[in-house]
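Understanding the architecture of this molecule
Spelled out, the chains give:
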Protein chains: 2
Amino acid sequence: MRVVGLMSGTSADGVDAAVVDISKRKVRLLAFEMFPYPAALRRQILKLCRPESARLDDICHYNFVLGEVFADAVVKLCSRNGISLNSIDLIGSHGQTIYHNPIGKQYGRAMIRSTLQIGEPSVIAQRTGITTVADFRPRDMAAGGEGAPFVPYADYILYGYKRLHRAVQNIGGIANVTFLPSGCKQDDIIAFDTGPGNMVIDDIVRLMSGGKRHYDRGGKIAARGTVDKNFLNEMLRHPFLQRRPPKSTGREEFGTPFAEQIFQRGAKKGLKDVDIVATVTAFTARSIAQAYRKFLPVIPDEMILCGGGAHNRTLVEMLHRELPEVKMLSTDDFGISVDAKEAVSFAILAWATIKGLTNNVPGATGAEQSVVLGKIVPA
Amino acid sequence: MRVVGLMSGTSADGVDAAVVDISKRKVRLLAFEMFPYPAALRRQILKLCRPESARLDDICHYNFVLGEVFADAVVKLCSRNGISLNSIDLIGSHGQTIYHNPIGKQYGRAMIRSTLQIGEPSVIAQRTGITTVADFRPRDMAAGGEGAPFVPYADYILYGYKRLHRAVQNIGGIANVTFLPSGCKQDDIIAFDTGPGNMVIDDIVRLMSGGKRHYDRGGKIAARGTVDKNFLNEMLRHPFLQRRPPKSTGREEFGTPFAEQIFQRGAKKGLKDVDIVATVTAFTARSIAQAYRKFLPVIPDEMILCGGGAHNRTLVEMLHRELPEVKMLSTDDFGISVDAKEAVSFAILAWATIKGLTNNVPGATGAEQSVVLGKIVPA
């Protein structure tokens, strides 16, 4: 089955689109591209994400606008890669999250969780003529889950293996692991956020460069600095790292205020900027390694890296030193570029939905049961 | 196939729920009930319908709340009527429209039409364990239609007949006709708004009673008055009535300001209140009859009434006098109560979607092609 996966993240930079061929448990990536949103559209989307500035008429309008934008991405990706639109069997679209409330709000005696993604799949199906599965999160919430994360299911399909224990380690803004014990079944999957990913590193780089740089490209800045062990140990006392999984975190705990505090403390200690970058890079590496030692039933044989952090060579080397017994790989080694991984995941989720397979991971989302996620819009 | 249809109208009074058995072209109504919303919920919903008062977090929250309310309606309807939930194969849910823009808003060089219904179908499917089809309107809009009306398809399934020309005449706030010529195919259906239904009558009754009465029950007030022919002819010059179909109207043209104007003019002419009610009742009847004579290719053999106006005996008698050659029936004569008709329609639409049948009527919505409406949420 040939499937397109579409993903637009919370940063609303653009839409990731991937074409994959899926057969049983083999997934082959045929094409990938990120289509950036025009600046004005991005501003509008970010406005829609805040209750203070989101208007009903705009939500309604941009739901359909994003449907058109997503459909365009599918058409362009196929034509640029010489893939016939007719050969595509299915589209899986995550959509753009504009609101997500996993804690819930009271209604009567019940706590009602809710989530809202836009990017009208009826428009995608109509423009492309391809059956489209979208809106994955609501069903998991209806089943008592947090509506996230869903990538662990794709990790399981892609990397679950009879003979080895594997950990798929995503390093995005936040870092999260999917642990797949050898011979793992869907119920055996363990997935949780390990702590900060690139978020703190990026913020420190922004602060030290006065906003000129946004990340530590290739880990070159960190490579020039020295890790301050005392300072690192202070950071490792962060309460999130002590909490038992399942657990998830975000900007509330590791966002800009946290980075600003680190930056000021580092300066007070007389550390150079590059040393602070090196130390927060080590913080990400060490917090991942500690999470493995503390919370996984066994140290994995292999670690498969993905997410932007996989491009940070200093971070990857530190991880290697922290977990010398683990073989370090990346999703690239399995034919899926680290950047394409999330879009590929939603292609896999859609494939499962259309096959009638349950595709949430209750151990990761907290749902009371396995369910078939998503809504199917016929071609 | 046993299907539940759910409908919540723009007045947001509550949810209509109907259970039907559908086999080929036979539809049997097993149970119907209207479940009123609690007053606080109704207020919240109406708040969500206005861009000035609708908040993103509330839209997200009440989408899930209404999903729960709709699921409850299904469960209650079945249990009160001794119908096992296990015997239900499918649910069709229209949802609650909170925004609808059939004209569209510019994005780049394109005009983007959009519509937004809430009442999360993932919640309905999860609570009931029944596959749920919902969100019918977006696909018709994606195909270039106005996303309404959809009832003509159900009329076609229910009342299309080889040997007779039939008109299904709904008299809600606005009156609309579905014309089904004998041996009619989906492309032969003609459907449009004929003009005011109960809207003007209701408003006049409210004005004359100082808000104490909301409608002319059974047409008793109109029965006590006399139609003023000059005044009636004035009303009939309304430009909407002259426009060729496809056409649709609403509160913009026949809402409270229009009724207030009529009420004042009637008083100036020295008419008694009951005469004004009689005259606006004749206005509805005559505008329907005129629409048939002007815009239908042939006067129907039978007219099948539905909607609240079917309960107004004075109105029905007037219609009979206007169209003496037409046999007057109501959907009750076919086993579906006039009140259940809309909920039944969405059961039929869902049935068609799951069968893969195209179920919009391009002649009614203006869509460029026939499409399969709706999103399917697996059980």
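What you see is a predicted model, and the numbers here were worked out from it, not measured in a lab.

What follows covers the domain arrangement of chain A. Here the domain parsing of chain A yields domain 1 (2-135) and domain 2 (155-334). Taking only C-alpha atoms, the centre of domain 1 of chain A and the centre of domain 2 of chain A are 27 Å apart.

Attention now goes to unusual backbone geometry. Residues and elements named next belong to chain A. Following Pro 245, the chain continues into Pro 246 via a peptide bond in cis, with omega recorded as 5°. Looking at where Pro 246 falls in the secondary structure, it is placed in the loop between α9 (239-242) and α10 (251-254). Phi is positive for Ala 12, close to 55°, though the residue is something other than glycine. Within the secondary structure layout, Ala 12 lies in the loop between β1 (2-8) and β2 (14-23).

Further remarks concern the interface of chain B and chain A. If you look at the interface, chain B gives 37 residues, while chain A gives 37 residues. Contributions of two or more residues to the side of chain B that touches chain A are made by α2 (56-80), β4 (90-107), β5 (110-118), α3 (121-128), α4 (137-142) and β12 (375-377) of chain B. Here the side of chain B that touches chain A gets 9 residues from one element, more than from any other, and that element is α2 of chain B. Tallied by class, residues from the side of chain B that touches chain A come to 21 nonpolar, 8 polar and 8 charged.

Okay, the pairing of strand β8 (residues 174-180) of chain A next. Residue and element names in this part refer to chain A. Burial runs high along β8: 7 of the 7 residues are buried. Here β8 shows a buried face lined by Ile 174, Asn 176, Thr 178 and Leu 180 and a second buried face lined by Ala 175, Val 177 and Phe 179. Looking at chain direction, strand β7 (residues 166-171) and β8 are connected through 6 bridges and run antiparallel. Within β8, the position partnered with Ile 171 by the bridge is Ala 175. Counted along the chain from β7 to the antiparallel partner β8, the turn is 2 residues long. Pairing of β8 with strand β9 (residues 190-196), which is carried by 6 bridges, proceeds in the antiparallel orientation. Its bridge partner being in β9, Val 177 is matched across the sheet by Phe 192.

Calculation rules
- Residues numbered from 1 in each chain as written.
- Chains lettered and ligands numbered in written order.
- Predicted model: local features only at pLDDT ≥ 70, side-chain atom pairs only at ≥ 80, totals over all residues.
- Domains from an automatic or database assignment.
- Helix = DSSP H or I, 4+ residues; strand = E, 2+ residues; numbered from the N terminus.
- Contact = placed C-beta atoms within 7 Å.
- Nonpolar A, V, L, I, M, F, W, Y, C, P; charged D, E, K, R; others polar.
- Buried ≥ 20, exposed ≤ 12 C-beta atoms within 10 Å, placed from the backbone.
- Pairing = 2+ DSSP bridges.

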